[in-house]
Structures are given as structure tokens and as C-alpha cells.
Amino acid sequence: MPNPTSVKDALAATAPNDSILVHGWVRTRRDTKTFSFLELNDGSCLHNLQVIVSSTLPNYAEIQHLSTGAAATVRGRLIPSQGQGQKWEVAADAVEIIGAADATYPLQKKGHTLEFLREIAHLRPRSNLFGCIFRVRSRLAFAIHQFFQERGFVYVHTPIVTGSDCEGAGELFRVTTLDMKNPPKREDGEIDYAKDFFARPTFLTVSGQLEAEAFACALSKVYTFGPTFRAENSNTSRHASEFWMIEPEVAFCDLQDDMQLAEDFVKYLIRDIRTHCADDLTLFTRFVDKGLLERLDFVAERPFQRVSYTEAVELLTKSGHKFEYPVEYGTNLQSEHERYLTEVHFKCPVTVYNYPKEIKPFYMRLNDDGRTVTAMDVLVPGIGEIVGGSQREERLDVLLENMNRHQLDPKDYGWYIDLRRYGSVPHAGFGLGFERMLMFVTGVGNIRDVVPFARTPGNAAF
RNA sequence: UGCCCAGUAGCUCAGCGGUAGAGCAGGUGACUGUUAAUCACUUGGUCGCUGGUUCGAUCCCAGCCUGGGCAGCCA
């Protein structure tokens, strides 16, 4: 009995093979008088393997009832196809029905809406589009590790359950084993988390940055790549409650280095997907976003535009463009402003840096002007913010002052402050939203469609 | 969370104050090295839920539920 061959390998064959074994799911069946065409897909690639099933096979009557979605194993000979459209096909000697699928199988041969497919998240990876998306997702994750590993970065697993609720990146999910119906109470009537599992309040992490800083101040170049959780009631096509984030953190690194790293990183990922997921990208180009390949190449080849926040505000004010929200110094750039910069004015990714200190978190390094901090955001056409980063405040006194200004209690940040007390060095890092990068690379417009089983407000089915 | 849009067959949609139609899928048959095959016939619906208006509601109104778009928060 031969070892199973993947559809991908079968289609890439360089010579016929008179004994081949293929597993897969039936995509479609077409009958003729003396034989049937069976298209088998096993997810190894976008394409199906065409199988010729002769009516002389003993179980041919059963095979004629094989419908879309059924699982089958085929033994036979890989031969050059007589028809157009594929180089190889399999002439079956035996077809074993492993798992039938009846008429209630929800996936048709015809296209479905993305909204419908979301409701059958357990079956949608069997569609062409989602097969492509999740193969690209896998490759993108691999490329991320490759980029950092090639450059001597150390992969750090920062905690998912965190004891600090003060990372300043949004609402947190509480982690508790207390009995919600009858929680232990303190004398003041508040819930007594000292009696909880970790003997303190705990949450799901919103960022591994602070912990990554600790490791960067020891291993010099580190990165995290893991799940993060935000309990924000965000209902948009680019927010999820559970998403993956890549957070490099580099010691002896300033904002300029940081911006360069982010730019090199994004370009590397695009080039990697461009060369390793060519087939999948053609499907996105055909059915999702006609301009995808051009945009990817454009972004990979051209330098990102860099403008300071102050320049960006001036540029937007002078543009003469009417915005729904006015542009003024000291407020966050609105989506429409970011879109104007990256889609209309520069028509390429834009790195905006040096934001007013008031609108950024306490850990960002204060610039010499005393009014801005070394923050940077990378904005890309179609998605908006994909990277957010900064050089961190390494000066103990300034950090404490920042915390004071943000009304944070240094007691809650003991270990973090320690990093400035012992061998403190300039360091910087950023966070890149994995799903947003995946959206950019595939052209898919909704974050719910690049996550295997998406978690969004009001939705954690599956 | 706010504003806007939509819920009709398994899917994608049309329709209309007098309780419904198409294409695809499914079934049957024909035809064919086909490839989202083709052709003929055919099964299939409490028109999201609950109230209200009306002689009569799938259609008009209100509330609710679900989905989507945009905005805020961010990655």
C-alpha cells in the first residue's frame, strides 16, 4: 500500500505514478455514461485533483451518490489528463467512501456570502476562499518567526493571565474562579480577590509589551507573538476581542531604528507571502480585491512616508479637504484623517511619529521639546493603523513624572520601574496586529474572516 | 456604545395591503472527456419574533432579536 500523496504533491508531479493513494473531500462530481469525474480537495492547496471513476468499479452505484462534502480515499494511477484545465489526473482503481455527506451539507459549489459562511465557521475552511486564507495565515505566522529568528531575536512567551490591570490598552477580561453567585466579600463590601485563585485580581493580557521590555533589557532583542484580549465593545470590521499580536522589543534602540524595523518587517512579510502563497493570492486577486498584487508590490518596493504628527496635522489642515471631524493639534487622528494621508495624499504606507504626550500612554519617551513623545504608528491603505510603537521612557525620574501625569500609582508598577533602576537603556518596540496584517496581505475586508473562530462582542459560538 | 441598512425556500435574491416567485442546491431522466458542465421535469416556504392599525398584514407602524456597514476605543 503506497503512502498517501497530497493533492498538492500529486498536481506537482513530474512523472506518472502507477500506484497512488489520495485522501480528500469531494468538491463536485460529474457523471458520463461510462465514468464519473470526481474532484477531490484535501486543503493542501487551492486546486482539486480530478479523479476518473470507471463505471466498472464494484461500488460505482454508491459512488454516483457521492456528493459535495463527502470524504473519500482513492487508489489508482496518476496519469496525464486528457482534458483541458489540469495537467494530471488520477484513474481510480478503487474509491472508498470514508464519510458520506447528505443533501443538508450547507456548502454549495456556487459562491456563498461571507456572512453566511461565518455562521458555519466549522465548515468554511472547506471552501476555496477560506482554505486560501488559512494557508496564508499559517505561512504568515511562519514568516514572522523567520524574520525575527534570522535577525537574532529571542522569542519570549509573555503571560496570558496577567496580574496587572494597568497596561493602558483598553478594557480587560477578568479571570476568576470565584463563585459568581456568592463571592467572598471584604469588610467594605467589595469582592475579596485575595481569596481568588491567584490571591489577587487577574485578567487576560491586552499586551505583552511591559514583560517584553523586561526581557529586552536582558536578551537585547526579543519578540512576543501570542494572543491578546480586549473587552472593548468594538463593532467594526477590524476589531476582535481575541487577536494575535507581534511585539518586538529592542534594547539600545531609538525611535528611528524602531520605525525602520517596522518598515523592514512589513515589507519582509509581504515579499514572503508574495513568493510562497502565489496560488492563494491569485484567488484573492480574482474574487476579493482586483488591485491586491499591485498594492502589495507597491508597498514592498517603496519607502514608507514618514511624517511627524505636527506635519501631518498641518498637511491635513492645508489639504482643503472637508473632514467630518476637524483636524486640530492635540487630538487623535480620526480614521478619515488617517485614510486621507495613506490613501489620498501619499498613496502608500505612512509612518506618523512624535505625538502630543497627552494622547499617548505613560511609558513613551518624552522628547526634548517637552510636549511630544516618541510614538509612531504605521498606517496602511485600506486598513488604517497596523503598527503602533514607541521608544520607551528609560529615565527613572521622567517615567515617574509621566506616571504622575497619567495619575498612575508607581506602587502598581514596582517591577517595571525596577528596569529603570538597574542598568536602564534606551529601548523601543512596537505591536503589529497579526490579523490586520493578514487582512492587508489577502485583501479580505473583515477581521472575522481571517480568524478561524472569531470572538467579537456578543459572539463566541464554536 | 451611537448612527444607518437588512432579515422571504438549504443558498443568493425578486415581489406585493387580498397568505408567494426566480436562479442555484436537492430529486428523477436525458446528454456529454467534463471541469461553477448542459437540457427537461420536479420536491421544497408559519415571508425573523411579539404586539398594533386594517374587513384582511409577508407588505404599514412600534418594540425586540439576529446580521451587516460606518464612527469611537485600538492592533
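Being a predicted model, the structure only gives us computed values, none of them experimental.

What counts, and where the lines are drawn
- Residues numbered from 1 in each chain as written.
- Chains lettered and ligands numbered in written order.
- Predicted model: local features only at pLDDT ≥ 70, side-chain atom pairs only at ≥ 80, totals over all residues.
- Heavy atoms only, no water.
- Helix = DSSP H or I, 4+ residues; strand = E, 2+ residues; numbered from the N terminus.
- Buried < 20%, exposed > 50% of the residue type's maximum accessible area, 1.4 Å probe, protein only.
- Areas by Shrake-Rupley, 256 points an atom, 1.4 Å probe, with all protein chains shown as cover.
- Lys, Arg positive; Asp, Glu negative; His and termini not counted.
- Charge placed at Lys NZ, Arg CZ, Asp CG, Glu CD.
- Pairing = 2+ DSSP bridges.
- Contact = heavy atoms within 4.5 Å.
- Axes fitted to C-alpha atoms, helices over the stretch in contact; angles between N-to-C directions.
- Phe/Tyr/Trp six-rings, centres within 6.5 Å; stacked < 30°, edge-to-face > 60°.
- Parallel < 35°, antiparallel > 145°, perpendicular 65-115°, else oblique.
- Nonpolar A, V, L, I, M, F, W, Y, C, P; charged D, E, K, R; others polar.
- Left-handed = near helix turned anticlockwise from the far one by under 90°.

Section: the overall build of chain A
Piece 1. Secondary structure assignment for chain A yields 13 helices and 16 strands.
Piece 2. Dimensions along the principal axes, computed over C-alpha positions, put chain A at roughly 85 × 60 × 45 Å.
Piece 3. Buried positions account for 49% of the 462 residues belonging to chain A.
Piece 4. Total accessible area on chain A is roughly 22500 Å²; 52% of this is exposed by carbon and sulfur atoms.
Piece 5. Charge-centre separation for chain A: the mean point of 51 positive side chains lies 5 Å from the mean point of 61 negative side chains.

Remarks on the sheet that holds strand S12 (residues 305-308)
Piece 1. Across the sheet, which stays open at both edges, the eight strands sit in the order S6-S10-S11-S16-S15-S14-S13-S12 with mixed pairing between neighbours. Sheet topology places strand S6 (154-155) and S12 at the edges, where each strand pairs with a single neighbour.
Piece 2. Across six bridges, strand S15 (residues 384-392) lies against strand S16 (residues 427-433) in antiparallel orientation. Bridged to Gln 391 within S16 is Ala 428.
Piece 3. Running at roughly 30 degrees to S16, helix H6 (residues 255-276) makes contact with strand S11 (242-251), S12, strand S13 (350-356), strand S14 (372-380), S15 and S16 of the sheet.

Quick look at the packing of aromatic side chains
Piece 1. The tally for this structure, following the rule as stated, stands at 21 aromatic pairs.
Piece 2. Taking 4.9 Å as the distance between ring centres and 45 degrees as the angle between the ring planes, the aromatic pair formed by Phe 147 and Phe 265 counts as tilted. One end of the pair, Phe 147, is in helix H4 (residues 128-150); the other, Phe 265, is in helix H6, and 118 residues separate them in sequence. Of the two residues examined, Phe 147 and Phe 265, each falls in the buried class.
Piece 3. Ring geometry for Phe 265 versus Phe 430: centroids 6.1 Å apart, planes at 45 degrees, classification tilted. Here Phe 430 lies in strand S16 and Phe 265 lies in helix H6, a separation of 165 residues in the sequence. With respect to class, Phe 265 is no different from Phe 430; both count as buried.
Piece 4. Taken together, Phe 147, Phe 148, Phe 153, Tyr 155, Tyr 223, Phe 265, Tyr 268 and Phe 430 form an aromatic cluster joined through their ring pairs.

Points about the packing of helix H7 (residues 278-287) against helix H8 (residues 292-301)
Piece 1. Relative to each other, H7 and H8 sit at 120 degrees, their axes nearing to 8 Å. The angle between H7 and H8 places the two elements in the oblique class. Taken together, the residues of H8 that come into contact with H7 (itself represented by Leu 281, Phe 284 and Thr 285) are Leu 292, Leu 293 and Leu 296.
Piece 2. Its residues placed into classes, the contact of H7 with H8 shows five nonpolar, one polar and no charged.

Regarding the packing of H6 against helix H13 (residues 434-442)
Piece 1. Relative to each other, H6 and H13 sit at 50 degrees, their axes nearing to 11 Å. As judged from the angle between their axes, H6 and H13 are oblique. Note on packing geometry: the crossing formed by H6 with H13 is right-handed. Residues Val 266, Leu 269, Ile 270 and Ile 273 of H6 touch H13, and the partners they reach there are Met 437, Phe 440 and Val 441.
Piece 2. Across the contact of H6 with H13, the residue classes break down as seven nonpolar, no polar and no charged.

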